[in-house]
Amino acid sequence: MTDLLQYVAALDKSLFYFLNLNFASSTSDSFMIWITTKKNWYLPGGILWVLLMWKGGKKGRILGIMIILGITLADQISSSILKPAIARHRPCKVLEGFRLLVHCGSMNGFPSSHASNVAAIGTLFIGFYRRSAIFWGILIFFIGISRVYVGVHFPMDVFFGWLLGGLIGITLIQLLKLAQQKSPLLRYD
């Protein structure tokens, strides 16, 4: 088992260097820095949430509430529970010879909160609006990969962030379906 863990850790480190160093260009740097910067998403995310609550009907309002729950769960589980418990340091805290394009952040990076948050939101949107799957899949992918590209997460941090956020989104959707069976007030179709 120790050999397998060492192999996975070495593979993760190699993949980090590959993604961080091999695609460098001023265009890629600008795009990845923009997409990874949380504050760039406040306005479009806020507008989308307000539109869901205002113009989305019952379905949109339920999704809006689910998004708040999903972000809260994903962020708190990743940042307040798993990061301290697992205590895996970010590459920008332990490696050399890579490109750090943004502030490194806290000591621990597993799992990526950026990846878990956007995966939770995207999974919820896909559960409510299937036609949005391609958009959300692309956004989830690029936000996650950007965290490796800018030097603040290992690929496994991102992968497990995606997994956590996806599981949270799926769980919330399943809980809603159960609640809809008990209460017609929660049905929107």
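In this text the structure is predicted, and so the values were computed from the model without any measurement. Chains are numbered independently. Their residues run from 1 in the order of the written sequence. Given that this is a predicted model, residues contribute local features only at a pLDDT of at least 70 and side-chain atom pairs are listed and counted only at 80 or more, while totals for whole chains, interfaces and linings are drawn from all residues. To get the side-chain values, all heavy atoms of the structure are used, and hydrogens and water are removed first.

The criterion for an aromatic pair is that two Phe, Tyr or Trp rings (for Trp, the six-membered ring) have centres within 6.5 Å, with stacked assigned to planes under 30 degrees apart, edge-to-face to planes over 60 apart and tilted to the rest. Counted under the stated rule, the structure contains 14 aromatic pairs. Among the aromatic side chains, those forming a connected cluster through ring pairs are F16, Y17, F98 and F154. By definition, being over a ring means that NZ of Lys or CZ of Arg is both within 6 Å of the ring centre and within 35 degrees of the ring normal. In this arrangement the basic side chain of K55 is found over the ring face of W54, its NZ or CZ atom lying 4.6 Å from the centre.

Turning next to the environment of G165. Its place among the elements puts G165 in helix 8 (residues 155–182). G165 sits in the buried class, given a relative accessible area of 0%. We call two residues in contact whenever any of their non-hydrogen atoms come within 4.5 Å of each other. Residues in contact with G165, not counting those within four places in the same chain, are S116, A119, A120 and T123. Where helices and strands are cited, they refer to DSSP runs of H or I of at least four residues and of E of at least two residues respectively, numbered from the N terminus. A simple rule labels every residue: compare its accessible area, found with a 1.4 Å probe on the protein chains alone, to the largest value its type can have, and call it buried under 20%, exposed over 50%, or partly exposed in between.

As a rule of thumb, soluble globular proteins bury nonpolar side chains together. Ranked by size, the top nonpolar core spans 38 residues in total, and within it L63, M66, I67, L124 and F125 carry the most contacts. For this core, the secondary-structure elements that each account for two or more residues are helix 1 (2–21), helix 2 (26–36), helix 4 (57–86), helix 6 (113–128), helix 7 (133–149) and helix 8. Each residue touching L63, except ones within four places of it in the same chain, is listed here: L52, L124, F125, F128 and Y129. What we call a nonpolar core is a set of buried Ala, Val, Leu, Ile, Met, Phe, Trp, Tyr and Cys residues that are connected through their side-chain atoms within 4.5 Å.

Throughout, a disulfide means two cysteine sulfur atoms within 2.5 Å of one another. Within the structure shown, the criterion is met by one disulfide. Here C92 is linked by a disulfide to C104, with a sulfur-sulfur distance of 1.9 Å. Across the S-S bond linking C92 and C104, the dihedral sits near 80°, which makes this disulfide right-handed. Taken as a pair, C92 in helix 5 (residues 91–94) and C104 in the loop between helix 5 and helix 6 lie far apart in primary sequence, 12 residues in all.

Moving on, we come to unusual backbone geometry. Note the cis peptide between F110 and P111, where omega equals -5°. Within the secondary structure layout, P111 lies in the loop between helix 5 and helix 6. The phi torsion at A87 lies on the positive side, around 55°, for a residue other than glycine. With respect to the helices and strands, the residue A87 is situated in the loop between helix 4 and helix 5.

What follows covers the side chain of S78. Relative to the helices and strands, S78 is located in helix 4. In protein, a polar contact means a hydrogen-donor-capable atom and an acceptor-capable atom, both N or O and within 3.5 Å, with residues adjacent in sequence counting only if both atoms are side-chain atoms; elsewhere, any N or O pair within 3.5 Å suffices. A distance of 2.8 Å separates a polar side-chain atom of S78 from the backbone oxygen of A74. Beyond its immediate chain neighbours, meaning those up to four positions away, S78 contacts K83, P111, S113, S116 and L164.

Okay, a nonpolar patch on the surface next. Patch definition: residues above 30% relative accessible area lacking any salt bridge, with like charges linked at up to 9 Å and the nonpolar side chains Val, Leu, Ile, Met, Phe, Trp and Tyr linked at up to 5 Å. Working definition of accessibility: Shrake-Rupley area with a 1.4 Å probe, residue cover restricted to the visible protein chains. Whenever a carboxyl oxygen of Asp or Glu lies within 4 Å of a side-chain nitrogen of Lys or Arg, that contact is scored as a salt bridge. A cluster of nonpolar side chains, L43, I47, W49, V50, L51, W54 and I68, forms an exposed patch at the surface whose accessible area comes to about 720 Å². Within the element layout of this structure, I68 appears in helix 4. The partly exposed category is assigned to I68, whose relative accessible area is 45%.

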